[in-house]
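Here is what each chain is made of, one letter per residue.
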Amino acid sequence: MQKPDMSVEIAGIKMRNPVMTASGTFGYGSEFADYMNLESIGAMISKGLSLKPKAGNPTPRIVETPGGMLNAIGLQNVGVDAFISKKLPYLKDVATPVIVNLYGNTLEEYGEVASRLDGQDGVAGIEVNISCPNVKQGGIVFGTDPNAAQEVVRLVRKNTTKPVIVKLSPNVTDVVLMAKACADAGADALSLINTLTGIAIDLDRRRPVLANVTGGLSGPAIKPVALRMVWQVAKNVKLPIIGIGGIMNGRDALEFILAGATAIQVGTASFLDPSAAQRIAEEMEAYLTEKGIPSIASMIGALEA
């Protein structure tokens, strides 16, 4: 039986299959080398990098919820310079594209991080996290204001020659409006969705469980919302889409492909099963083989709705 063609391309980044790892759930890649073959998936995405190292939020900062988990890690990371000097050399030897997620608390920080990454050979592309507060504008999140999002994307685009993927927040009234704003500002692709804002309460202590009070909800509980948003954006924006949200197995992943995603990201599943990304890639290929589907490309956006 002939093997299906699982290869896809996102903004010029060629991948052996559509499976990517979600930022913040896969460390800097090397942490998972003992659990899976890093060259079995399409791409790896780093933890979100900032201009300076960041310690993150106080604990507790993660809690399990029905059908998912809440996290308030606070974007803890080593900073862009330490990533370039200490993490990237290892990744350069892995034959899998590395996409670097970045964020900033000011417009200028986004531009500076993008600029420092631009000359790095081992970086295939950039994913921009716009779900961050703009400290100069009273903490309004960049990703909930179309104008602010456009400013970020334009500045990142100006400061890098690499493909720019923008990660959209679901905590908006109209995700299509946000997607169009980012596309108009020069995004090469879109990834969605980021986590939904939630809260967990300790009834007996009458206090929030998380020290940060609120956190980002991920896992199977958000999958229907993520599928809906991917489907909406795919119908209205002519950019490649990367689907994220509650993907636990190959069937979940293929649902996102049908909804219009060219690729998918595995996040929360990696906490339950460190080899989840490889397993999901294998399950996707097995499904296509079983059904006699010649290529994954033929399934992109093929939802009969």
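Note that the coordinates shown come from a computational prediction; the quantities given were computed from them, not determined experimentally.

Each value, and the rule that gives it
- Residues numbered from 1 in each chain as written.
- Predicted model: local features only at pLDDT ≥ 70, side-chain atom pairs only at ≥ 80, totals over all residues.
- Heavy atoms only, no water.
- Axes fitted to C-alpha atoms, helices over the stretch in contact; angles between N-to-C directions.
- Helix = DSSP H or I, 4+ residues; strand = E, 2+ residues; numbered from the N terminus.
- Parallel < 35°, antiparallel > 145°, perpendicular 65-115°, else oblique.
- Left-handed = near helix turned anticlockwise from the far one by under 90°.
- Contact = heavy atoms within 4.5 Å.
- Patch = residues over 30% accessible without salt bridge, like charges linked within 9 Å, V, L, I, M, F, W, Y side chains within 5 Å.
- Areas by Shrake-Rupley, 256 points an atom, 1.4 Å probe, with all protein chains shown as cover.
- Salt bridge = Lys/Arg side-chain N within 4 Å of Asp/Glu carboxyl O.
- Buried < 20%, exposed > 50% of the residue type's maximum accessible area, 1.4 Å probe, protein only.
- Phe/Tyr/Trp six-rings, centres within 6.5 Å; stacked < 30°, edge-to-face > 60°.
- Pairing = 2+ DSSP bridges.
- Right-handed = clockwise from strand over helix to strand, strands pointing away.

K.L.:
Please explain the packing of helix 1 (residues 80-92) against helix 2 (residues 107-118) as it appears in this structure.
P.N.:
Two numbers describe a pair of packed helices, the interaxial angle and the distance between the axes. At a minimum axis distance of 10 Å, the contact between helix 1 and helix 2 shows a crossing angle of 20°. Comparing their axes, helix 2 and helix 1 come out roughly parallel. Both helix 1 and helix 2 take part in a crossing whose hand is right-handed. Residue-level inspection shows Val80, Asp81, Phe83 and Ile84 of helix 1 in contact with helix 2, the latter providing Val113, Arg116 and Leu117.

K.L.:
I would appreciate a short explanation of a nonpolar patch on the surface in the present structure.
P.N.:
On the surface, Ile199, Ile201 and Val213 cluster together into a nonpolar patch covering about 270 Å² of accessible area. Among the structural elements, Ile201 can be located in strand 14 (residues 201-202). A residue is classified by how much of its surface remains accessible, and Ile201, at 62% relative accessible area, is exposed.

K.L.:
What should I look at first to understand the pattern of salt bridges in this one?
P.N.:
In a structure, side chains of opposite charge can pair up when their charged atoms sit close to one another. Within the structure shown, the criterion is met by 10 salt bridges. In this structure, Asp188 engages Arg157 in a salt bridge whose closest nitrogen and oxygen atoms are separated by 2.6 Å. With Asp188 in the loop between helix 4 (175-184) and strand 12 (189-192) and Arg157 in helix 3 (residues 146-159), this residue pair connects regions lying 31 residues apart in the sequence. Residue classification places Arg157 among the partly exposed positions, given a relative accessible area of 23%. Among the salt bridges present, the one from Glu255 reaches Lys223, with a minimum N-O distance of 2.8 Å. Of this pair, Glu255 sits in helix 6 (residues 250-259) while Lys223 sits in helix 5 (residues 223-236), and the two are 32 residues apart along the sequence. One network of salt bridges, with partners in common, ties together Asp81, Glu112 and Arg116.

K.L.:
Quick question: what am I supposed to make of the packing of aromatic side chains here?
P.N.:
The relative placement of two aromatic rings is captured by the distance of their centres and the angle of their planes. Applying the stated criterion across every chain yields a total of four aromatic pairs. Summarising the aromatic geometry, the rings of Tyr28 and Phe83 are spaced 6.1 Å apart at their centres and angled 45° between planes, so their arrangement reads as tilted. You can see Tyr28 sitting in the loop between strand 3 (19-21) and strand 4 (44-45) and its partner Phe83 sitting in helix 1, a full 55 residues away along the chain. With centroids separated by 5.3 Å and ring planes inclined at 85°, the aromatic side chains of Tyr110 and Phe142 adopt a geometry described as edge-to-face. Of the two residues, Tyr110 is situated in helix 2 and Phe142 in the loop between strand 10 (140-141) and helix 3; the sequence distance between them amounts to 32 residues. Its relative accessible area of 0% is what places Tyr110 among the buried residues. One aromatic cluster in this structure is built from Phe26, Phe32 and Tyr35.

K.L.:
I tried to follow the pairing of strand 8 (residues 125-129) on my own but got confused; where do I start?
P.N.:
Regular strands show a simple pattern: their side chains alternate between the two faces of the sheet. The element strand 8 is extensively covered by neighbouring structure, given that five of its five residues are classed as buried. Residue alternation in strand 8 divides its side chains into two sets, Gly125, Glu127 and Asn129 and Ile126 and Val128, and both sets are buried. Of the strand pairs in this sheet, strand 7 (residues 98-102) and strand 8 are connected by four bridges, and their pairing is parallel. Within strand 8, the residue paired with Leu102 across the bridge is Val128. Crossover connection from strand 7 via helix 2 to parallel strand 8: handedness right-handed. As defined by bridge partners, strand 8 adjoins strand 11 (residues 164-167) across four bridges and the pair is classed as parallel. Following the sheet pairing, Glu127 is matched in strand 11 by Ile165.

K.L.:
Sorry if this is basic, but what is going on with the sheet that holds strand 5 (residues 62-65) here?
P.N.:
For sheets, the rule is that strands pair by backbone hydrogen bonds, running either parallel or antiparallel. The four strands lie next to each other as 5-6-16-13, forming an open sheet whose pairing is antiparallel. The open sheet has two edge strands, strand 5 and strand 13 (196-199), and neither has a second partner. Pairwise comparison of adjacent strand axes, ignoring direction, gives a mean angle of 40° for this sheet. Sheet analysis places strand 5 next to strand 6 (residues 68-71), joined by four bridges and oriented antiparallel.

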